[in-house]
Amino acid sequence: MTVSTETRALRTQGLKKPARDGGIRESAVSRTVAMAVMIVATLYFLTPLWWLLVASTKTREDFTTTNPLWFADFALFDNIAALVTYRDGVFLQWLGNSALYAGVGALLATLIAAMAGYAIAKYTFRGRETLFNVILGGVLVPATALALPLFLLFSQAGATNTIWAVLLPSLVSPFGVYLSRIYAAASVPDEIIEAARIDGAGEVRTFFTVATRLMAPALVTIFLFQFVAIWNNFFLPLIMLRDESLFPVTLGLYVWNTQVSQIPDIRALVVIGSLLSIIPLIVTFLALQRFWQSGLANGGLK
Amino acid sequence: MVARDTAVKASRAVSHRKALAFFLIPFGSLFVLFYLVPILYAIYQSLLTVEREGTFGPAVQVFGGLTQYIAVFQNEPFWASIGRVLLFGVVQVPIMLGVALVLALLLDSPLVRGSKFFRLAFFAPYAVPSVIAAIMWGFLYSPNLSPFTAVTSSVDLLSAETVLWSIANVVTWVYVGYNMLIIYSALLSIPQEIYEAARLDGAGQFRIAFAIKIPLVVPALVLTGIFSIIGTLQLLAEPQVFQSFSNAVTSTFTPNLTIYSTASVPNISLAAAMSVVLALATFVLSFTVLKLTQRRTAQ
């Protein structure tokens, strides 16, 4: 193994910057221009989030009268208290619903997709490529195009306005099958499966004890992206759910936002609610970044 | 000995078949139930039409052939909304992918310090759901609340002429970081040896970017491009939220809003026909982009 392939392996593992091999020194001008671009971009991406953070700490009067990008009287905890007590704590229920739909949905979707992707990668059977191509076609079918017919089907089954109407369709992740097939083919050697068979492990046990471990970065990546897709999903809950107590947080805040003109006080709740609803996602991404970043780098894009 | 061998093989084949069924049936059945059946059902619905016996008679659904599709082709608001999102896509997708490519190249170059921080800062908006991003930017665009009063007092960002581009900015803000990360991941899988050779030939960072890096990340650009096209044609959450900030966003602003308002009339069959047309248009467009770029890279 040469030094450069080692560096490459290291980089793809942890997304490390290359060790600078010192040959040519980049000019100070290009360095300054590059950093300037990065800083302008950072301002563009982070200013709205900063505004949201600052706005969430303000009293209703200060919200319109003080500098939008700097703190005034600190009322963050009063605002949070107002939010979680409004209408018997319906906001907390929405957060819980989102966590349920996205957490359980993404977990099961990842498992189901990983099993299918692993099987397509590691077993030869008739119709394998056809099956894979049909699933790949599913990646191109937009979720919003499915929402309306799903609504009609669920209403015939009398199952609209239930948890299942949102949860069940989220369990299917064609992209997850695609990613786990690619990843299983690259990271689960046939020899290991053979060795497990010789040791007397069944096929299913081999998958759960050996393969899932080797596929871990891909599994985390699938879980996270499915989690985000469900957490952000808007159209499906919008048409499926009537009962406010089943809403995910995005739908709840959307409904509140449409009421701002009739109930002006609700605007403050929309602002603080928006802040609280994005914190869980940001924390999840930060906590798991090592895994999903290497999953993206190694699996998805070859 | 031979007999035992084949017996072992046979039993293994059986256990493989069982395992295969175990692995494939959960995904297979859910895929059929929640992908294939709805697609077929939408097609079936789109072929129905409602007829009444007399003016006030009960409504009955009957087979109407292509009646609904003819109605779709005559539906001007639907085509106007398709035109609007195509215009949106022609401008927004290249800008978004261009910015994502430049940022990814800069992150990958030795010119930038602190790339880990920048990577996370650019990616953070992806963690903001579209609905929340639209609500947030709706506030930022509103003249009396915005921190950018210099801009919002001279240009009405929520007027009929500008609101499409105000929405484009929201979509760009959310997705640049995601696309950047996919392109950046592709850059990381380029073998270092290629750069060493180029550097020995005296190539600078720009030369390396244009002659080596960009051609090698074309597959990632195609992937992000196709996802962006699908996203553009399916625009829904952002314009729906903007209805509370701007009167310029009508109930037929994008194809999906048109479908949603048609379905809630309710005219389910016409809405189903529109869904089928939109899904086909999305598929044809993504497929064309895929084929065109494949031919160009093959040359």
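Residues numbered from 1 in each chain as written. Chains lettered and ligands numbered in written order. Predicted model: local features only at pLDDT ≥ 70, side-chain atom pairs only at ≥ 80, totals over all residues. Heavy atoms only, no water.

### Points about the environment of Trp-50 of chain A
Residue and element names in this part refer to chain A. Along the chain, Trp-50 turns up in helix α2 (residues 28-56). Classification of Trp-50 as partly exposed rests on a relative accessible area of 32%. Linking Trp-50 and Leu-69, residues 19 residues apart in sequence, is a C-alpha distance of 7.3 Å. (Helix = DSSP H or I, 4+ residues; strand = E, 2+ residues; numbered from the N terminus. Buried < 20%, exposed > 50% of the residue type's maximum accessible area, 1.4 Å probe, protein only.)

### A few points about the UniProt feature "transmembrane region" (unreviewed entry) in chain A
Residue and element names in this part refer to chain A. As recorded in UniProt, the feature "transmembrane region" (unreviewed entry) lies at residues 33-55, 98-119, 131-151, 163-186 and 268-292. The distance separating the terminal C-alpha atoms of residues 131-151 is 26 Å; by composition the span is 90% helix and 0% strand. With 75% helix and 0% strand, residues 163-186 has its two end C-alpha atoms placed 37 Å apart. (UniProt positions renumbered as here; feature names shortened; annotations may be inferred.)

### Observations concerning the interface of chain B and chain A
At the interface, 98 residues of chain B touch 104 residues of chain A. Carbon and sulfur atoms make up 77% of the surface buried where chain B meets chain A, a total of about 9,200 Å² over both sides. The largest per-residue losses of area from chain B upon contact with chain A belong to Phe-23, Phe-27 and Phe-34 of chain B, which jointly make up 9% of the total buried on that side. At the junction of chain B and chain A, the tally comes to zero salt bridges. At the boundary of chain B with chain A, the tally comes to nine residue pairs in polar contact (both at pLDDT 80 or more). With 20 residues, helix α1 (residues 2-46) of chain B is the single largest residue contributor to the side of chain B that touches chain A. Within the side of chain B that touches chain A, the residues separate by chemical class into 70 nonpolar, 20 polar and eight charged. (Contact = heavy atoms within 4.5 Å. Buried area = accessible area lost by both parts, 1.4 Å probe. Salt bridge = Lys/Arg side-chain N within 4 Å of Asp/Glu carboxyl O. Polar contact = N/O pair within 3.5 Å; in protein donor to acceptor, adjacent residues only side chain to side chain. Nonpolar A, V, L, I, M, F, W, Y, C, P; charged D, E, K, R; others polar.)

### Here's the deal with the pairing of strand β1 (residues 48-52) of chain B
All names here are of chain B. Inspection of the sheet shows β1 paired to strand β2 (residues 59-63) by five bridges, in the antiparallel sense. Its bridge partner being in β2, Leu-48 is matched across the sheet by Phe-63. Hairpin remark: β1 followed by β2, antiparallel, with six residues in the connecting loop; positive phi at Gly-54, about 70°. (Pairing = 2+ DSSP bridges.)

### Quick word on unusual backbone geometry
Cis geometry marks the peptide bond from Val-265 of chain B to Pro-266 of chain B; its omega dihedral reads 5°. Mapped onto the fold, Pro-266 of chain B is located in the loop between α12 (255-263) and α13 (268-298). A positive phi is found at Asp-88 of chain A, a non-glycine position, where the angle reads about 55°. Note on placement: Asp-88 of chain A falls in the loop between α4 (76-85) and α5 (90-122). Accessibility expressed as a relative area gives 81% for Asp-88 of chain A, which makes it exposed. Notably, Asn-161 of chain A is not glycine yet its phi reads approximately 60°, a positive angle.

### Thoughts on helix α6 (residues 128-140) of chain A
Residues and elements named next belong to chain A. Here α6 contains 13 residues, and its C-alpha end-to-end distance of 19 Å stays within 8% of the 18 Å for a straight helix at 1.5 Å per residue. Looking at α6, one finds that the buried residues are Arg-128, Phe-132, Ile-135, Gly-138 and Val-139. The buried side chains of α6 occupy one side of the element, clustering within an arc of 110° when seen end-on. (Expected span 1.5 Å × (residues − 1). Arc of directions from axis to C-beta.)

### What to know about the pattern of salt bridges
Taken as a whole, this structure holds eight salt bridges over all chains when the rule is applied. Across the pair Lys-122 of chain A and Asp-190 of chain A runs a salt bridge whose closest N-O atoms are separated by 3.1 Å. One end of the pair, Lys-122 of chain A, is in helix α5; the other, Asp-190 of chain A, is in helix α10 (residues 190-198), and 68 residues separate them in sequence. Classification of Lys-122 of chain A as buried rests on a relative accessible area of 17%. The class of Asp-190 of chain A is partly exposed, set by a relative accessible area of 48%. We note a salt bridge from Lys-213 of chain B to Asp-108 of chain B, for which the minimum N-O separation is 2.9 Å. Of this pair, Lys-213 of chain B sits in helix α9 (residues 205-216) while Asp-108 of chain B sits in helix α3 (residues 76-108), and the two are 105 residues apart along the sequence. Accessibility classification places Lys-213 of chain B together with Asp-108 of chain B in one group, the buried group. Salt bridges sharing partners connect three or more residues here, namely Arg-128, Glu-129 and Arg-181 of chain A.

### Describing α3 of chain B
All names here are of chain B. Look at α3: 47 Å from first C-alpha to last across 33 residues, which is about the 48 Å you get at 1.5 Å a residue. The axis of α3 is deflected most strongly, by about 30°, at Gly-89. Between a side-chain oxygen at the N-terminus of α3 and the backbone nitrogen of Phe-78 the separation is 3.1 Å; the capping residue is Asn-75. (Bend = angle between axes of the 7 residues up to and from the residue.)

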